[in-house]
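Summary of structural features
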Amino acid sequence: MSGRLLEITQLSKRFGGVTALDQFEMTVNRGEILGLIGPNGSGKTTSFNVVTGIYAPSQGKILFDGQDITGFTPQQVYKAGVARTFQRSRLCLPLSILDNIMIGNYGRLSKGLWFNLINRRAFQAEFEEGFDQAQALIRTFSASLADRMFEPVGSLPMIERRRIEICRALISRPKLLLLDEPSAGMTHDETKQLMDDILDVRSRIADLSVVIIEHEMGVIERITDRCIVLNYGRKICEGTYGQISTDPEVQQAYLGAE
Ligand SMILES: Nc1ncnc2c1ncn2[C@@H]1O[C@H](COP(=O)(O)OP(=O)(O)OP(=O)(O)O)[C@@H](O)[C@H]1O
Ligand SMILES: [Mg+2]
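Residues numbered from 1 in each chain as written. Chains lettered and ligands numbered in written order. Predicted model: local features only at pLDDT ≥ 70, side-chain atom pairs only at ≥ 80, totals over all residues. Heavy atoms only, no water.

1. A few points about the overall build of the protein
A tally of helices and strands in the protein yields 11 helices and 10 strands. Taken over the C-alpha trace, the protein has a radius of gyration of 19 Å; the compact-globule value for 258 residues is 18 Å, and the two agree within 12%. Judged by the C-alpha coordinates and their principal axes, the protein covers about 65 × 40 × 40 Å. Across the 258 residues in the protein, those meeting the buried criterion constitute 49%. Put simply, of all contacts in the protein between residues at least 6 apart along the chain, 69% involve residues at least 24 apart. Charged side chains in the protein number 29 positive and 31 negative. The centres of these two groups are separated by 6 Å. (Helix = DSSP H or I, 4+ residues; strand = E, 2+ residues; numbered from the N terminus. Rg over C-alpha atoms; globule rule 2.2 N^0.38 Å. Buried < 20%, exposed > 50% of the residue type's maximum accessible area, 1.4 Å probe, protein only. Contact = heavy atoms within 4.5 Å. Lys, Arg positive; Asp, Glu negative; His and termini not counted. Charge placed at Lys NZ, Arg CZ, Asp CG, Glu CD.)

2. Focus on the sheet that holds strand β4 (residues 59–64)
To summarise the sheet geometry, strands pair through backbone hydrogen bonds and adopt either a parallel or an antiparallel arrangement. Here four strands make up an open sheet; going across it, the order is β2-β1-β4-β5 and the pairing antiparallel. Looking at which strands have only one partner, the edges of the open sheet turn out to be β2 (18–29) and β5 (67–68). By the bridge criterion, eight bridges tie strand β1 (residues 4–15) to β2 in an arrangement that is antiparallel. Residue pairing across strands places L6 opposite V28, the latter belonging to β2. Strands in contact with helix α1 (residues 44–51) are β1, β2 and β4; relative to β1, the strand with the most contacts, it is inclined by about 110°. (Pairing = 2+ DSSP bridges. Axes fitted to C-alpha atoms, helices over the stretch in contact; angles between N-to-C directions.)

3. Digging into the coordination of the magnesium ion (ligand 2)
The coordination sphere of the magnesium ion (ligand 2), as far as protein atoms go, consists of T45 (OG1) and Q87 (OE1), spread over 2.0 to 2.3 Å. Of the two residues, T45 is situated in helix α1 and Q87 in the loop between β6 (82–84) and α3 (97–102); the sequence distance between them amounts to 42 residues. By relative accessible area, T45 is classed as partly exposed at 24%. On the basis of relative accessible area, Q87 is assigned to the partly exposed category, the value being 33%. (Donors = N, O, S within 2.8 Å, 3.2 Å for Na, K, Ca; no water.)

4. A look at the site of ligand 1
Residues in contact with ligand 1 amount to 15 residues; listed here are only the nearest, G41, K44, T45, T46 and Q87. K44 places a side-chain nitrogen or oxygen 2.8 Å from an oxygen atom of ligand 1. Against a free-state accessible area of 630 Å², the protein chains account for coverage of 65% of ligand 1. Of all the elements in the fold, those that place two or more residues in the shell around ligand 1 are β2 and α1. Ranked by the residues each element gives to the shell around ligand 1, the list is headed by α1, at three residues. Taken together, the residues of the shell around ligand 1 sort by class into five nonpolar, eight polar and two charged. (Near = heavy atom within 4 Å. Polar contact = N/O pair within 3.5 Å; in protein donor to acceptor, adjacent residues only side chain to side chain. Areas by Shrake-Rupley, 256 points an atom, 1.4 Å probe, with all protein chains shown as cover. Nonpolar A, V, L, I, M, F, W, Y, C, P; charged D, E, K, R; others polar.)

5. Focus on the side chain of S42
Among the secondary structure elements, S42 is positioned in the loop between β3 (33–37) and α1. The class for S42 is buried, based on a relative accessible area of 2%. For S42, the contacting residues outside a window of four places in its chain are A20, L230, N231, Y232 and G233.

In structure tokens, the structure reads:
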């Protein structure tokens, strides 16, 4: 099987007169952590939205795990093995930790209301299995959270909410995890802890590929194997952090050099 998990070619997305992605190209290899960086409005989130089927591309092709997923619905992309988190935290705050994580299991569970009403035992067994999986997953991030599965997430600090969002994505057992600015709204120490978590997840789940959008260069330097830099919807540079951080075009576009 090819080492390439995701291959995006000539991908464009236009919103009226705004070209958010312009012939964008990106490859993600199996098992790597790829950093996606660029100035505000350069198209980073749009690339996630197009890959995950939230927006249909105006042009271009998306190959995932050997399958053409261009134009798939979000549900189809999720079932194919791509899970994500969002730039703004998207948890149901009044719901419990358990419920929020189980939402990520939706595609694999849920045989429907009538089936569950008639087959109470099967429903119970499925629920218990889901509970065990969710608890085991959250325990790898935080033992204390695993003991509070029925608490509403609204009372938790941002780092715990981000952990829960990552667990919600991971419970579907994706091959590709897309993280959109996971450190947004967190302190420096919290960011460091969360990045340790992400490195830990990658080391425990064989072949999991991660794409992370991040503004903090220290984070990018520490956790990525490779980076892609976007500017005005186009890829302007690609390479290790060492390579892209010394590239004059990147410095001008992103790092604020004269
Ligand atoms: N649904 C939409 N409708 C219209 N324009 C949009 C929409 N989504 C994104 N855009 C525009 O596309 C461009 C790229 O936006 P995008 O959110 O992808 O940038 P970004 O790189 O994620 O920025 P940031 O670092 O601020 O999160 C921007 O000009 C934005 O205003
Ligand atoms: Mg964004």
